[in-house]
Amino acid sequence: LQGIFVLGLPYALLHSGYSGLLLIVLAAALCCYTGKILVACLYEEDEDGQLIRVRNTYEDIANACCKKLSPNLGGIVVNVTQVVELIMTCILYLVVSGNLLSHSFPYVPVTEKTWSVIAFVTLLPCIFIRTLKIVSKLSRLCSLVHFVIIFVVITYCLTQINQWSWAKFRLSLEFEDFLVSVGVIIFSYTSQIFLPTLEGNMKNPGEFRCMLNWTHFFACILKTTFALTAFLTWGEKTKEVITDNLPSFLETLVNLCLLTKALLSYPLPFFAATEIVCSGISRDNHSNYRSPLLALTVRGLFLLLTLLMAMFTPHFALLMGLSGSVTGAAMTFLLPSLFHLKLKWKKLSFLEKCADISVFVLGFLCSLAGIVCSIKGLLEVFG
């Protein structure tokens, strides 16, 4: 999904101007920070002052914060939020796949929804994915395809360097357009859902903070370079998805690469969502959630659910924006800062407390603005 958002960064610069460049850097810093404080909530000090990992998941952190109200309330809220975001992401991949196939083969008399069904058929083997190791290999291929897409676009833009002009940047901003840019930029960095599991599976978890710093630093450099070169190339003609600006022969090539990326990206959120649901069911029934029959049933139902919603949900993009404004902001900004304040309050310095509160307020404002814009869009469509 981040790759799809990255392709919208030049369009975000069109509506945010110079402030968009600052936002790309600021979003990287904020998402890196919330990732660190979220993982910090997994640890507590023992009697000797050594940090011990006493929690394993986002759910465990939420339960620890809400145990006075209800032992499982926090975990239920977090799990529902995670599953909604992950499933919406899976559906988006199917919708995008159908759209890309439709644009890549316009001469084939097949509807976009039929193309989505064809893409769905290629994803049926996801039912048999049982370990994160398989998902990680697919994600590695996905990253490789992503770099190919970025390389093709930047290379083409560099061939048009004689047309570049800084005068294309806007100084005046429209508030609603600016909010759209904020959403695209911020959510091109989000990964908090996966961080507790990622840190727990590292050979050397002590290197997690360093890894997070470097990955966000390089992501910031790459995204700034990509957005800037593309926007300087097309200026006011920059489209929502930058590949639509490319010459037809390159557009088809990149669209097929994007299709490959979407299909390779699907297993990660799909696997994460089904693992959360299987774990919850087994806990309620006091059974072994690794039961093959249970796992196959849940995966099959989730696959079918993503297809049905991709096929029959009207105005899915607006609904995705609405749910993303709620779940994305909550998982990325609101909950990490709130949990960190709750669990570490006595050990935080004044500046750390101010930082957490500032992130919470910023996340709340972004979420509120996104909800208002999405609801307004839905009202306009249905009105």
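Relevant structure appears above.
Residues numbered from 1 in each chain as written. Predicted model: local features only at pLDDT ≥ 70, side-chain atom pairs only at ≥ 80, totals over all residues. Heavy atoms only, no water.

**Q** Describe a positive patch on the surface, listing the residues and the values that go with them.
**A** A surface patch of like charges, here positive, comprises Lys 67, Lys 68, Lys 342 and Lys 346. Given the relative accessible area of 59%, Lys 67 is considered exposed. (Patch = residues over 30% accessible without salt bridge, like charges linked within 9 Å, V, L, I, M, F, W, Y side chains within 5 Å. Areas by Shrake-Rupley, 256 points an atom, 1.4 Å probe, with all protein chains shown as cover. Salt bridge = Lys/Arg side-chain N within 4 Å of Asp/Glu carboxyl O. Lys, Arg positive; Asp, Glu negative; His and termini not counted. Charge placed at Lys NZ, Arg CZ, Asp CG, Glu CD. Buried < 20%, exposed > 50% of the residue type's maximum accessible area, 1.4 Å probe, protein only.)

**Q** Describe the state of the cysteines, listing the residues and the values that go with them.
**A** In a disulfide, the sulfur atoms of two cysteines are covalently bonded to one another. Summed over the entire model, instances satisfying the criterion amount to zero disulfides. Cys 257 provides the cysteine sulfur closest to Cys 142, a residue in no disulfide bond, and the two sulfurs are 11 Å apart. Assessed through its relative accessible area of 8%, Cys 142 is described here as buried. A disulfide-free cysteine, Cys 157 has its sulfur positioned 16 Å from the sulfur of Cys 257, the nearest such atom. (Disulfide = S-S within 2.5 Å.)

**Q** Break down the side chain of Ser 116 for me, with residues and values.
**A** Mapped onto the elements of the fold, Ser 116 is located in helix α6 (residues 112–122). Judged by its relative accessible area of 4%, Ser 116 is buried. Apart from the residues within four sequence positions on either side, Ser 116 is in contact with Leu 94, Val 95, Gly 98 and Leu 307. (Helix = DSSP H or I, 4+ residues; strand = E, 2+ residues; numbered from the N terminus. Contact = heavy atoms within 4.5 Å.)

**Q** With reference to specific residues and values, describe the pattern of salt bridges.
**A** By the definition in use, this model includes four salt bridges. Here Arg 55 ties to Glu 44 by a salt bridge, and the two come within 3.0 Å at their closest N and O atoms. Placement of the pair is Arg 55 in the loop between β2 (51–53) and α4 (58–66) and Glu 44 in strand β1 (residues 43–45), with a sequence separation of 11 residues. Arg 55 sits in the buried class, given a relative accessible area of 11%. Ionic pairing is found between Glu 44 and Lys 344, a salt bridge with its closest N-O pair at 3.9 Å. Taken together, the residues span a long stretch of sequence, with Glu 44 in strand β1 and Lys 344 in helix α14 (residues 316–344) at a distance of 300 residues. The partly exposed category is assigned to Glu 44, whose relative accessible area is 21%.

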